[in-house]
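A look at the structure
What follows is the residue order along each chain.
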Amino acid sequence: DTAVSQTPKYLVTQMGNDKSIKCEQNLGHDTMYWYKQDSKKFLKIMFSYNNKELIINETVPNRFSPKSPDKAHLNLHINSLELGDSAVYFCASSQDITTGELFFGEGSRLTVL
Amino acid sequence: GNSVTQMEGPVTLSEEAFLTINCTYTATGYPSLFWYVQYPGEGLQLLLKATKADDKGSNKGFEATYRKETTSFHLEKGSVQVSDSAVYFCALRLTSGTYKYIFGTGTRLKVLA
């Protein structure tokens, strides 16, 4: 039973398209995150939600829009995809915002052609 | 600002060699410190953690000690195995404000049989 699951695992699309990545956690955690990992493995926080409320919104282009319908789900929608958006996107969760380890999904590899 | 600096890889060792991966940090307050490991094609998973000065985190033969005086959290293992080949990330979690996680750039370890 996967703790943090994200779909799709692989996504290949053309520049200018709009795409979404979905994430679900079954751990009962309050806090969820989106991270972007580039080709050099550098990991950067994009967004953090606590109980459906946006807590962290890093300097991410507004083409990226997160949505949390409930505390178990955090989806990422990307408009007008660009070549530089190609990366692996990781969803993660933690018990709450102040403490605890991060539990990561397996990642969604986005390739923009 | 808050940051984590870890040694650049790749680090290539023979099986049963001693491993050290250096990590230093800059942070306001007293952060919690972590090492995460990422195996090929997977998300990150917690390896060990320490939440206050002089704490030693340990797991699977890996150890790291929270050194406040040198702002360091170096990862060590006495005898590495081929199965330890992965990317290792040092990270800190702020203990106030946004409680943000900050990751180092990752160090790739390759262990040869």
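Our structure's up above, just so we're on the same page.
Here is what the cut-offs are and how they apply
- Numbering of residues begins from 1 in every chain and follows the order in which that chain's sequence is written.
- Whichever chain is written first becomes A and whichever ligand is written first becomes 1, with later ones labelled in order.
- Under the rules for a predicted model, residues below a pLDDT of 70 receive no local features and side-chain atom pairs below 80 are neither given nor counted, while totals for whole chains, interfaces and linings still include all residues.
- In computing side-chain values, all of the structure's heavy atoms are included and hydrogens and water are not.
- Residue contacts follow a heavy-atom distance rule, with two residues in contact if any of their heavy atoms lie within 4.5 Å.
- By convention, the term buried area covers the 1.4 Å-probe accessible surface removed from two parts as they join, with the contributions of both added.
- Whenever a carboxyl oxygen of Asp or Glu lies within 4 Å of a side-chain nitrogen of Lys or Arg, that contact is scored as a salt bridge.
- Strands are runs of DSSP state E lasting at least two residues, helices are runs of H or I lasting at least four, and both sets are numbered from the N terminus onward.
- As a working rule, the residues Ala, Val, Leu, Ile, Met, Phe, Trp, Tyr, Cys and Pro are called nonpolar, Asp, Glu, Lys and Arg charged, and the rest polar, with Gly in that last group.
- The rule is short: rings of Phe, Tyr and Trp, with Trp giving its six-membered ring, pair when the centres are within 6.5 Å, and they are stacked under 30 degrees, edge-to-face over 60, tilted in between.
- Only a pair of cysteine sulfur atoms within 2.5 Å qualifies as a disulfide here.
- Only protein chains enter the accessibility calculation, which uses a 1.4 Å probe; a residue whose area is less than 20% of its type maximum is buried, one above 50% is exposed, and one in between is partly exposed.
- DSSP calls a pair of strands paired once it identifies at least 2 bridges connecting them.
- Between N-to-C directions, angles cover 0 to 180 degrees, with each direction set by a line fitted to C-alpha atoms, over the stretch in contact for helices.

Counting residues at the interface gives 23 residues for chain A, matched by 18 residues for chain B. Taking both sides of the interface into account, the surface hidden between chain A and chain B amounts to around 1700 Å²; carbon and sulfur atoms contribute 58%. For the pair chain A and chain B, the interface holds 1 salt bridge. The partner of Glu58(A) in a salt bridge is Lys100(B), and the shortest N-O contact between them spans 3.3 Å. Mapped by element, the contributors of at least two residues to the side of chain A that touches chain B are strand E4 (31-37), strand E5 (43-50) and strand E9 (87-94) of chain A. The dominant element in the side of chain A that touches chain B, judged by the number of residues it contributes, is E4(A), at 3 residues. For the side of chain A that touches chain B, a count of residues per class yields 10 nonpolar, 6 polar and 7 charged.

Another aspect to go through is the packing of aromatic side chains. Within this structure, the stated rule accounts for 15 aromatic pairs over all chains. Centroid distance Tyr36(B) to Tyr101(B): 6.1 Å. Interplanar angle 75 degrees. Geometry classified as edge-to-face. Of this pair, Tyr36(B) sits in strand E5 (residues 32-38) while Tyr101(B) sits in strand E11 (residues 101-103), placing them 65 residues apart in sequence. Taken together through their ring pairs, the aromatic side chains of Tyr33(A), Tyr35(A), Phe90(A), Phe104(A), Phe34(B), Tyr36(B), Phe89(B), Tyr101(B) and Phe103(B) make up a single cluster.

Here we take up the state of the cysteines. Under the criterion given, the structure shown has 2 disulfides over all chains. Disulfide pairing places Cys23(A) opposite Cys91(A) at an S-S distance of 1.9 Å. Sign of the S-S torsion, about -75 degrees for the bond between Cys23(A) and Cys91(A), identifies this disulfide as left-handed. Taken as a pair, Cys23(A) in strand E3 (residues 19-25) and Cys91(A) in strand E9 lie far apart in primary sequence, 68 residues in all. One disulfide bridge connects Cys23(B) with Cys90(B), the sulfur atoms lying 1.9 Å from each other. Judged by the sign of its S-S torsion, about -70 degrees, the cystine formed by Cys23(B) and Cys90(B) is left-handed. Taken together, the residues Cys23(B) in strand E4 (residues 23-26) and Cys90(B) in strand E10 (residues 86-93) connect sequence positions 67 residues apart. The class of Cys23(B) is buried, set by a relative accessible area of 1%.

A separate point is the side chain of Ser48(A). All names here are of chain A. Examined against the element boundaries, Ser48 turns out to sit in strand E5. The exposure class assigned to Ser48 is buried, which follows from its relative accessible area of 1%. With residues up to four places along the chain from it excluded, the contact list for Ser48 reads Thr31, Met32, Tyr33, Glu53, Leu54, Ile55 and Ile56.

Successive residues of a regular strand alternate their side chains across the two faces of the sheet. Residue and element names in this part refer to chain B. With burial as the criterion, only one face of E4 is covered, namely that bearing Cys23 and Tyr25; the residues Thr24 and Thr26 on the opposite face remain uncovered. As paired strands, strand E1 (residues 3-6) and E4 are joined by 4 bridges and run antiparallel to one another. Residue Thr5 lies in a different strand from E4, and its bridge partner there is Thr24.

This paragraph deals with the sheet that holds strand E1 (residues 4-7) of chain A. Paired through backbone hydrogen bonds, the strands of a sheet run either parallel or antiparallel to each other. All names here are of chain A. On the basis of which strands lie adjacent, the open sheet formed by 4 strands has the order E1-E3-E8-E7 and antiparallel pairing. Both edges of this open sheet fall to E1 and strand E7 (64-70), since each of them pairs with a single strand only. Taking each pair of neighbouring strands and ignoring which way they run, the sheet shows an average axis angle of 20 degrees. Alignment of E3 against strand E8 (residues 73-78), held across 4 bridges, turns out to be antiparallel. Within E8, the position partnered with Lys19 by the bridge is Ile78.

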